[in-house]
Amino acid sequence: MSSQTLDQFLTENLNQLRDQGLYNEIETVESANGPIITLNGKKQINLSSNNYLGLATDERLKKAAIDAVEEWGVGAGAVRTINGTLKLHDKLEEKLAEFKGTEAAISYQSGFNCNMAAISAVMDKNDAILSDELNHASIIDGCRLSKAKIIRVNHSDMDDLRKKAKEAKESGQFNKIMVITDGVFSMDGDIAKLPEIIEIAEEFDLITYVDDAHGSGVLGKGAGTVKHFGLQDKVDFQIGTLSKAIGVIGGYVAGKKELIDWLKVRSRPFLFSTAVTPADAAAATKAIEILMESTELNERLWENGDYLKKGLKNLGFNIGHSETPITPVIIGDEKTTQVFSKRLYEEGVYAKSIVFPTVPKGTGRVRNMPTAAHTKEMLDEAISIYEKVGKELSII
Ligand code: PMP
């Protein structure tokens, strides 16, 4: 076979994606990412951000960031292990440990990078990882990087998990075995069955790893999925991101002090990539303080989620089985889902269509992410636009 040039590779593959309708055009937002955003000069009700508590534009976080820039400048200046660990990073990690109820925590530059860092620092080619089939891409990549054997588990299927954990344990082939799950699965808004997962983990001596990117700030009155189930002492790795409910950027692992000590000497993005900026660290710390002081934003998020769900369900839409404020409107057919989302956009609602291969064929949906920052008026308007478009396309 003759080798391909880069140009040939790119043209061939980009054309293929475009022909299949799978090339994702990126939209540029022309305003802050709040409950109302401007796109192409037009205001839209934003139901597509992960800014669950509205903290990305919160005045208290902005002030913390500005003060940090004034005092500490705009960059950390070095990787954490040389002299890039500022007091702000230490404070953030202390707060994270307090927030998650663990002995210690370590922060990274993003949630994605945190999964790449943490899994591969502990697991290797002599190990196995039981991973839910719907786990996030960063978990999948972190598992691959570790070179451990990846054993895919049917989504939230506890019989399948038990069977595969038993097989892995009894094979005697593996040094360590880990079970990894998202805390909340963001496509459907369902919650991992953590009590059962922990029971199975205890039976087969599994290391437990929960990525709570979509559960922190949302479940457990804000403290996350692990707290929601009261399992703080049972989960080895509590992973989170600072980019969703926390409103900033960064990722973290909360756990026992020894685990965090190990990650500080063995996780490569911590060792070889510069830390988050002073503004990021200070704003994220402020967000966690706000969450720990009051559940007001969390309550508003749930109220808004329930309000939107009820409104859409009453209109006759199929909203699936979400257990969190994430509200999918399941349309089914891929083409219709895309037309639906486009019509919503033309009417002033920004809610993304999610279709195969991100979700199984025939389960195309428009996903809505209400936040604490939406007002009832905004949600009412969104619901009435849904009604108009739903009738127009004969979905309701
Ligand atoms: N884990 C999960 C479960 C996620 O949904 C995401 C973000 N989509 C990430 C990790 C990555 O987080 P970040 O955006 O902070 O890199």
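- An unreviewed UniProt entry annotates the protein chain as Glycine C-acetyltransferase originating from Lederbergia citrisecunda.
- The heading Cofactor (unreviewed entry) in the UniProt record of the protein chain holds the text "pyridoxal 5'-phosphate".
- Annotation of the protein chain in UniProt includes, under Sequence similarities (unreviewed entry), the sentence "Belongs to the class-II pyridoxal-phosphate-dependent aminotransferase family."

**Brief notes about the UniProt feature "domain: Aminotransferase class I/classII large" (unreviewed entry) in the protein chain**
- Per the UniProt record, the feature "domain: Aminotransferase class I/classII large" (unreviewed entry) sits at residues 42–384.
- Secondary structure within residues 42–384 divides into 46% helix and 17% strand; the distance between the first and last C-alpha atoms comes to 18 Å.

**Describing the site of the ligand**
- If you check the shell around the ligand, you find 14 residues, and the closest are Gly111, Asp211, His214, Thr241 and Lys244.
- Here aspartate 211 contributes a side-chain N or O atom positioned 2.6 Å from a nitrogen atom of the ligand.
- Here a nitrogen atom of the ligand and a side-chain polar atom of lysine 244 are 3.0 Å apart.
- For the ligand, whose accessible area on its own is 400 Å², the fraction buried by protein is 82%.
- Per element, the largest residue contribution to the shell around the ligand is three residues, and it comes from helix 5 (residues 111–122).
- Looking at the shell around the ligand residue by residue, the classes come out as two nonpolar, nine polar and three charged.

**With respect to helix 8 (residues 194–204)**
- Buried within helix 8 we find Leu194, Ile197, Ile198, Ile200, Ala201 and Phe204. Along helix 8, the residues classed as buried sweep out an arc of 160° about the axis, all on the same side.
- Where helix 8 is buried, its residues meet helix 7 (158–171), strand 6 (177–182), strand 9 (207–211) and helix 9 (225–228).
- Backbone geometry just downstream of helix 8 places aspartate 205 in the positive-phi region, at approximately 55°.

**A few points about the environment of lysine 309**
- Along the chain, lysine 309 falls in helix 13 (residues 296–314).
- Taking the C-alpha atoms as reference points, lysine 309 and lysine 169, 140 residues apart in sequence, are found 42 Å from one another.
- Once residues within four sequence positions are removed from consideration, lysine 309 is found in contact with Ile319, Ser322, Glu323, Thr324, Pro325, Ile326 and Thr327.

**Observations concerning the packing of aromatic side chains**
- By the definition in use, this model includes six aromatic pairs.
- Measuring from centroid to centroid gives 6.4 Å for tyrosine 108 and phenylalanine 270, while their planes differ by 75°, and the two rings are edge-to-face. Here tyrosine 108, found in strand 3 (residues 104–108), pairs with phenylalanine 270, found in helix 11 (residues 268–272); they are 162 residues apart in sequence, far enough to count as distant.
- You can call tyrosine 108 buried: its relative accessible area is 2%.
- Overall, phenylalanine 270 belongs to the buried group, its relative accessible area being 5%.
- Put simply, the rings of Phe317, Phe340 and Tyr386 touch in pairs and so form one group of aromatic residues.
- The ring of tyrosine 23 is capped by arginine 18, whose NZ or CZ atom sits 4.5 Å from the centre of that ring.
- The ring of phenylalanine 356 is capped by lysine 361, whose NZ or CZ atom sits 4.1 Å from the centre of that ring.

**Overview of the sheet that holds strand 1 (residues 36–39)**
- The sheet built from three strands is open, its strands ordered 1-2-13 with mixed pairing. The outermost strands of the open sheet, each flanked by one partner alone, are strand 1 and strand 13 (349–350).
- Examined bridge by bridge, strand 1 and strand 2 (residues 42–46) share four bridges and lie antiparallel to one another. In the strand pairing of strand 2, leucine 39 is matched with lysine 42.

**Regarding helix 5**
- Taking 1.5 Å of rise per residue, 12 residues should cover 16 Å, and helix 5 covers 17 Å from first to last C-alpha, within 8% of that figure.
- Judged by how many residues are buried, helix 5 sits mostly within the fold: nine of 12 residues are covered.
- Every buried residue belonging to helix 5 is among Gly111, Asn113, Cys114, Asn115, Ala117, Ala118, Ile119, Ala121 and Val122, and all of these are buried.
- You can read the cap of helix 5 off the contacts: a side-chain oxygen lies 3.3 Å from the backbone nitrogen of phenylalanine 112, and it is on serine 110.

**Describing the pattern of salt bridges**
- Under the definition given, this model contains 26 salt bridges.
- Glutamate 346 is the partner of lysine 342 in a salt bridge, and the nearest nitrogen-oxygen pair spans 3.3 Å. Taken as a pair, lysine 342 and glutamate 346 lie in helix 14 (residues 334–347) at a separation of four residues, close to a single helical turn.
- Take lysine 342: its relative accessible area is 54%, and that puts it in the exposed class.
- Taking the relative accessible area as the measure of exposure, glutamate 346 reaches 37% and is therefore partly exposed.
- Several salt bridges share partner residues, and in doing so they unite Lys342, Arg343, Glu346, Glu347, Lys388 and Glu392 into one network.

**Some details on the sheet that holds strand 9**
- Read from one edge of the open sheet, seven strands run 3-11-10-9-6-4-5, paired in mixed fashion. Of all strands in the sheet, those with a lone pairing partner are strand 3 and strand 5 (149–153), marking the two edges. Going from strand to strand, the sheet's axes swing by 20° on average, the running direction of each strand aside.
- The pairing of strand 10 (residues 237–241) with strand 11 (residues 251–255) spans four bridges and is classified as antiparallel. Bridge pairing in strand 11 places isoleucine 239 opposite valine 253.
- Along the sheet, helix 4 (residues 87–100) makes contact with strand 3, strand 10 and strand 11, crossing strand 3 at roughly 125°.
- Strands in contact with helix 5 are strand 3, strand 4 (128–132), strand 6, strand 9, strand 10 and strand 11; relative to strand 10, the strand with the most contacts, it is inclined by about 160°.

Cut-offs and rules
- Residue indices follow the written sequence of each chain, beginning from 1 at its first position.
- The predicted origin of the model limits local features to residues at a pLDDT of at least 70 and limits the giving and counting of side-chain atom pairs to 80 or more, whereas totals for whole chains, interfaces and linings rest on all residues.
- Computation of side-chain values covers all heavy atoms of the structure but excludes hydrogens and water.
- UniProt positions are given in the numbering used here, feature names are shortened, and annotations may be inferred rather than shown by experiment.
- Starting at the N terminus, helices and strands are each numbered in turn, a helix being any DSSP run of H or I of at least four residues and a strand any DSSP run of E of at least two.
- Residues are labelled near a given molecule or strand when at least one of their non-hydrogen atoms is within 4 Å of it.
- Side-chain atoms alone can form a polar contact between residues adjacent in sequence; in general such a contact is a pair of N or O atoms within 3.5 Å, and within protein one must be able to donate a hydrogen while the other accepts it.
- Here the open area of atoms and residues is found with the Shrake-Rupley method and a 1.4 Å probe, where only the protein chains shown may cover a residue.
- Under the grouping applied here, Gly and all other residues not named as nonpolar or charged are polar, the nonpolar ones being Ala, Val, Leu, Ile, Met, Phe, Trp, Tyr, Cys and Pro and the charged ones Asp, Glu, Lys and Arg.
- Type-normalised accessible area, obtained with a 1.4 Å probe on protein chains alone, sets the label of each residue: buried when under 20%, exposed when over 50%, and partly exposed for intermediate values.
- The arc under discussion is defined with respect to the helix axis, by the directions toward the C-beta atoms.
- Should any heavy atoms of two residues lie within 4.5 Å, those residues are counted as being in contact.
- Two aromatic rings from Phe, Tyr or Trp, using only the six-membered ring of Trp, form a pair when their centres are within 6.5 Å; if the ring planes differ by under 30 degrees the pair is stacked, by over 60 it is edge-to-face, and anything between is tilted.
- By definition, being over a ring means that NZ of Lys or CZ of Arg is both within 6 Å of the ring centre and within 35 degrees of the ring normal.
- Two strands qualify as a pair provided that DSSP identifies no fewer than 2 bridges between them.
- A helix is expected to span 1.5 Å multiplied by its residue count minus one.
- Salt bridge, as applied in this entry: a Lys or Arg side-chain nitrogen positioned within 4 Å of an Asp or Glu carboxyl oxygen.
- For helices, the axis comes from a line fit to the C-alpha atoms of the stretch in contact; other axes are also lines fit to C-alpha atoms, and the angle between any two N-to-C directions lies between 0 and 180 degrees.

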